Structure formats: C-alpha cells, structure tokens
Amino acid sequence: MAASIREKQTVALKRMLNFNVPPVKNSTGEPVWKVLIYDRFGQDIISPLLSVKELRDMGITLHLLLHSDRDSIPDVPAIYFVMPTEENIDRLCQDLRNQLYEYYYLNFISAISRSKLEDIANAALGASAVAQVAKVFDQYLNFITLEDDMFLLCNQNKELVSYRAINRPDITDTEMETVMDTIVDSLFCFFVTLGAIPIIRCSRGTAAEMVAVKLDKKLRENLRDARNSLFTGDTLGAGQFSFQRPLLVLVDRNIDLATPLHHTWTYQALVHDVLDFHLNRVVLEESSGMENSPAGARPKKKNKKSYDLTVADKFWQKHKGSPFPEVAESVQQELETYRAQEDEVKRLKSIMGLEGEDEGAISMLSDNTAKLTSAVSSLPELLEKKRLIDLHTNVATAVLEHIKTRKLDLYFEYEEKIMSKSTLDKSLLDMISDPDAGTAEDKMRLFLIYYISCVQCPSEADLEQYKKALTDAGCNLSPLNYIKQWKAFAKMASAPTTYGNSAAKSLGLFSRVMNTGSQFVMEGVKNFVLKQQNLPVTRILDNLMEMKSNPETDDYRYFDPKMLRGSDSSVPRNKNPFQEAIVFVVGGGNYIEYQNLIDYVKGKQGKHVLYGCSELFNAAQFLKQLSQLGQK
C-alpha cells in the first residue's frame, strides 16, 4: 500500500526540519544543529507524529514556543513553524530586530497573505537582517494526523469550528463565513499534502454543503492558476491515488447525534470516553491512599502520569478496535508470555553462575552460552515489551474502574437496543432512577439517545415524568431543550436515522471467560459479542463509494473541481465504485465512527477509507456543547 496521510505529513515535516530539502538516507555525518520555534498549532501538528528523540536525530537541540521568553543563540539557524497570525508575525519581526539567531527559516502552517509577508520584509530591512532570512515557505500542513487513516482540523481553536459554533441560532453570516473558511483552509492543506484532487459529494442544505461549495471553488482556482498550482508535476501521482481520484464525502454532524453520545465498548473509544485522552496521549491520575484518611483530612495530591499511545505501540495497534474484555484478556496473556521469557533469562544466569568444577555444568555451559547470548540480545526487546504491558495494564485498569462503578456495560447494551429498536428488558425510567447505575451524565446521554432515536416522541405527560427523574438524578436538562428543537426541525427535514437492527448479544457474565489468576477483576461485567452494523456515516459512505442508489444519498450534490464549469447536479459523472474515500464530518467526530469505518473497510478488498472531522470530542464534551446550545 502506498504512503498513508500520516507518513506523508511526517515526510513533509522532516523535509521542513532539514531546511526544506529531502533528508538523505545514508549520510553518516552529524546533522546540522538547529532550534525549532513553533506556536501551539505547530506543536499539536508535530507532537503526534515526531517524538523528542526523532527531533533530536534530525538535529533539533531545542524546541521552544514562539511566545515564550527565548534567549539569543547567535550562531545557530532557527526553523520557525507557525500560523501566519497577526501576533505571531509581530513576535517574529521582534525576533529579527533582536537578532536572536543566525539564520531564519520561516515556515507557515497555512498560506501567508501578501500584506503579512511585506510586514516581515519591512522588519527584516529595518533590522538589516535580510540576508539572515534564508527561506520562507508555505507548508500547507494545517491539520492534525492521529492515525494512518484519521485526521482532525482544529485543536487550539476548536471552539471556532465546534458543533456549537456552527449550530448557534444567533450566528451571523460573517461569523459563519469565518467558520467555513477555517474548515476549508485546513481541508485544502490536507489535499495538498495528500497530492490529490477529490470528487466531492455532500448532503444538501447543511453546513457540509457550504464547505463543499467553498472547497470546490478553492481547488478549482488553484488548478486554474497553472503557474502556482500546488497539484502539478512531482506532487501529483506520487500519492497513493495515482490513477484513481479519491471520493470526499462531506457529512454534517446533524445526520446522527446519537453516536457521539453513545456509550461504547471498544478499547480506543472507551479510553477517549472515560479517560483524559487527547492527541494520542492519555493522562491517568494515580490516587495515593484516599480511602483510609480521617474525615476532614485533605486528600493527598494525585500524581498524573501520561502515556503516549502511538503507532509504535504494537499492542495498541492490534487491540484499539477490540471489545474491552478481549483487551483485558490479551494484556493478561502478554504478561504471562513475558514472565516466561524473563524466567528463562534468570534460569540461564543462575546456571552461568555455577563454579567450573562440576563436569555437568561445563558441558551445559557451551550449549547455554549460545542461549544466554540470544537471551541478552533480546533484553531491550523484553524491556520494551514490559513497558507496553505496564502501560496497558494501567490504562485498562483505569477504564475497568469506570465500567464497574458506572455500570457502563449495562448502558452500552441498553443503548444498543434502543438504537436498533429491539425490545427493552428494563424500563428506561428504572434505568434513570437507579441510583447505583452511572453518573448524571450517563443518564442524560441514555435519555437523549432514546429521545433522538424514537420514532414516536413520548407524550408530554411521560416527558414530564422522565424530566423529573432526570432532575432527581442531578441532570442538567439544557441539552434536552436543544435536542427537542433539533428533533422538531429534523422531523420537517427528513425521516429519522436508522442504526441497523442487530443489538449486541450478551455472552453472559465475564467470570467464565477470565482465568482466576487474572489481575483484572471482571466479575459482574457483561461480555458482548459485537455485531458489525453500519452507523449512519458508514452507511452514507457505502452508498456513495459503491454507487448504490438509496433515497438517503440520491440527492447528494456532486462536485468535480477538475471540470471546467462547475455544475450543480447530483448526478455523478463517474459511475464506477471508488477505491479510496475520505469521510469528513463537519461539526465534530468521534472514535466510535472511526472504528465503525475501519471495521467496514476490513471486509472490502483493496479499499481505503480515511476519517476526518473538524474537531474530535467525547460524549462529555459534546454534551457540554449541547447544553450551551440549550441554554439560549
């Protein structure tokens, strides 16, 4: 398979860190030592892709934030990687005037405007530092890649493009333009880095359509301008999409509000839901002895530990999409194989420690020397294995803690039944009023999913009863106010979303599956077999990618930026199914949909799908946005 978007963005960053010339593979010489100056945007782009060690290997001795107090280092070149904002440019000009570095390589994450370039030129002239500004580049890297097949647009300024920002009732046209331009600028950068011009499909009358129109125009203008086009020559065709163009499906978050609130059961999505997991780094709080402290004593300070869950982590790569029980079992198995290997090394060491008199020991020696050599050489590998096992033991234990205290397995099962319209074995009111099951937030999520998914809304009297139960459970009802408006509006627009018709099957309780020696105490947690069912986003993709006719997607608009005249049609000119597709959710995405797409593609030979979103939120963050919308 050709390079993934993660590899492409990494290559682009490495080229930038090598003064914008491709790094030579076999050069044995020392790298040129240099400093890297970035802003928060640059930091978010680099940190999921390059570790500090990799930066050091590229010759970066120091990496500093642009707006921190930096000392002058007169004899080193500095590589800047920043957004072309007013304040960044001002600070950059100040650096030039203060003559902080020997040479300046200026790289802008997104294209810089002519007027701002002139500001820099004036500052360089004023500081007589023109010769020191070695290169100025637009990098077109304004997006964050988290996986081989997942990217998001905004992290620092995500409030600007959030679901709430797009759906605020009081948003002005100019504000909406700004939001759309921000999204389009990043998507444009994404396609420049990918080196491909997509065919765009989108639903009508949504924010996704506004993005499609603007992106089509921007790509079209860039292609027309033959001299400065970013899609010519060496960049094009080098991509994984050499002979076939990718399909870009732009969907609006509003087509499915239930999934972002759903309690999930796969590892990566659970970590994102219940822990502090952000840009591939999870932060765990390690509490130290809270229980036995006397009443009124101040709780001891909690230590925070952060772990990176990266591509290099083989366990994570293999199991991030697995149901949680499987993950717990796999961690246990890994631990056992590790212990066996460790014991083998210890045994060999003790044999080698024997005195030379014993005949038997001598004959064993020659045979064991080879074994020991191989054991010693496998030590680094063993230590790395141990680190990963510890990491996942800690992360999985923290997740399990949440599952048990909040009964998340029950919520998952119940919501799956609601979403697949199966019969419910327990009334919703009982779930909400059960004081032991879940937090107020869990109950609110459950009720919203029920309200979003129901074909026939509950009567006013029933609704009052639910509301009372929710209020008694300590819920804030403002998200419901918003969802009620949304539902009334969506009802006029279209039919309710369907979520397939198979709920998760429970395999009975866990204790049978887990061996007794396991460190994960899973009693009472249900074990589910997940059936692959396509979520709305995956279903829409399937229709458009396979060119299936379906009332849900038949009126999606079709744009082809390479066509001379843009035509407003929903009739695709290309009738062949697509091999490559990018699904992009305007208004925020989540790991549940990402995982659902990955599972969908597993069954399709030779197809690739990328998942992108304007921001990545978990249920709690999404609920907060709904609640802000409902307070108006």
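Identification of the protein chain as Sec1 family domain-containing protein 1 from Podarcis lilfordi is taken from an unreviewed UniProt entry. Quoted verbatim from the Function (unreviewed entry) field of the UniProt record, the comment on the protein chain reads "Plays a role in SNARE-pin assembly and Golgi-to-ER retrograde transport via its interaction with COG4. Involved in vesicular transport between the endoplasmic reticulum and the Golgi."

This next bit is on the overall build of the protein chain. When helices and strands are tallied, the protein chain shows 21 helices and 17 strands. Counting across all 632 residues of the protein chain, residues that qualify as buried make up 51%. Intrachain contacts of the protein chain at a sequence separation of at least 6 include 79% that bridge at least 24 residues. Of the roughly 29700 Å² of accessible surface on the protein chain, a fraction of 53% belongs to carbon and sulfur atoms.

A few words on the packing of aromatic side chains. Under the definition given, this model contains 24 aromatic pairs. Ring geometry for Phe447 against Tyr450: centres 5.8 Å apart, planes inclined by 45 degrees, an arrangement best described as tilted. Taken together, the residues Phe447 and Tyr450, both in helix H16 (residues 440–453) and three residues apart, mark about one turn of the helix. For Phe447, a relative accessible area of 0% translates into the label buried. These aromatic residues form a ring-pair network of at least three members: Tyr267, Phe277, Trp316, Phe324, Tyr591, Tyr594 and Tyr611. Taking NZ or CZ as reference, Lys218 lies 5.1 Å from the ring centre of Phe188, over its face.

What follows concerns the sheet that holds strand E7 (residues 150–152). If you trace the seven strands from one edge of the open sheet to the other, you get E6-E7-E17-E16-E9-E8-E15, paired in mixed fashion. Only two strands of the sheet have a single partner each, and these edge strands are strand E6 (144–147) and strand E15 (557–559). Each strand of the sheet is rotated relative to its neighbour by a mean of 20 degrees, with strand direction disregarded. Pairing of strand E9 (residues 247–252) with strand E16 (residues 580–586) involves six bridges; the strand directions are parallel. For Leu248, the partnering residue across the bridge sits in E16 and is Ile582. Relative to the sheet, helix H7 (residues 173–194) contacts E7, E9, E16 and strand E17 (608–613), its axis offset from that of E16 by approximately 165 degrees.

Before going further, it helps to spend a moment on helix H4 (residues 86–98). Taking 1.5 Å as the rise per residue, H4 with 13 residues should run 18 Å; its terminal C-alpha atoms sit 19 Å apart, in good agreement. Along H4, the residues classified as buried are Asn88, Ile89, Arg91, Leu92, Cys93, Asp95 and Leu96. Directly after H4, the chain includes Gln99, whose backbone phi takes a positive value near 50 degrees.

Another point: empty space enclosed by the protein. Applying the stated criterion across every chain, the model contains one cavity of 30 Å³ or more. Along its surface, the largest cavity is lined by 13 residues, and Ala269, His272, Asp273, Ile592 and Asn618 are the ones closest to its centre. Only helix H9 (267–274) and helix H20 (591–602) provide two or more residues apiece to the lining of the largest cavity. Considering every element that reaches the lining of the largest cavity, the biggest residue donor is H9, with three residues.

To continue, consider the packing of helix H19 (residues 536–545) against H20. Relative to each other, H19 and H20 sit at 40 degrees, their axes nearing to 9 Å. The orientation of H19 with respect to H20, classified from their angle, is oblique. Crossing angle aside, the handedness with which H19 passes H20 is right-handed. Every residue of H20 that contacts H19 at Val537, Thr538, Leu541 and Asp542 is listed here: Glu593, Asn596, Leu597 and Tyr600. Classifying every residue of the contact of H19 with H20 gives four nonpolar, two polar and two charged.

What counts and what doesn't
- Residues numbered from 1 in each chain as written.
- Predicted model: local features only at pLDDT ≥ 70, side-chain atom pairs only at ≥ 80, totals over all residues.
- Heavy atoms only, no water.
- UniProt positions renumbered as here; feature names shortened; annotations may be inferred.
- Helix = DSSP H or I, 4+ residues; strand = E, 2+ residues; numbered from the N terminus.
- Buried < 20%, exposed > 50% of the residue type's maximum accessible area, 1.4 Å probe, protein only.
- Contact = heavy atoms within 4.5 Å.
- Areas by Shrake-Rupley, 256 points an atom, 1.4 Å probe, with all protein chains shown as cover.
- Phe/Tyr/Trp six-rings, centres within 6.5 Å; stacked < 30°, edge-to-face > 60°.
- Lys NZ or Arg CZ within 6 Å of the ring centre and 35° of its normal.
- Pairing = 2+ DSSP bridges.
- Axes fitted to C-alpha atoms, helices over the stretch in contact; angles between N-to-C directions.
- Expected span 1.5 Å × (residues − 1).
- 1 Å grid on protein atoms, 1.4 Å probe; cavity = no way out; pocket = protein on both sides within 12 Å on 5 of 7 lines; lining within 4 Å.
- Points joined across faces, edges and corners; volume = space filled by probe spheres on them.
- Parallel < 35°, antiparallel > 145°, perpendicular 65-115°, else oblique.
- Left-handed = near helix turned anticlockwise from the far one by under 90°.
- Nonpolar A, V, L, I, M, F, W, Y, C, P; charged D, E, K, R; others polar.

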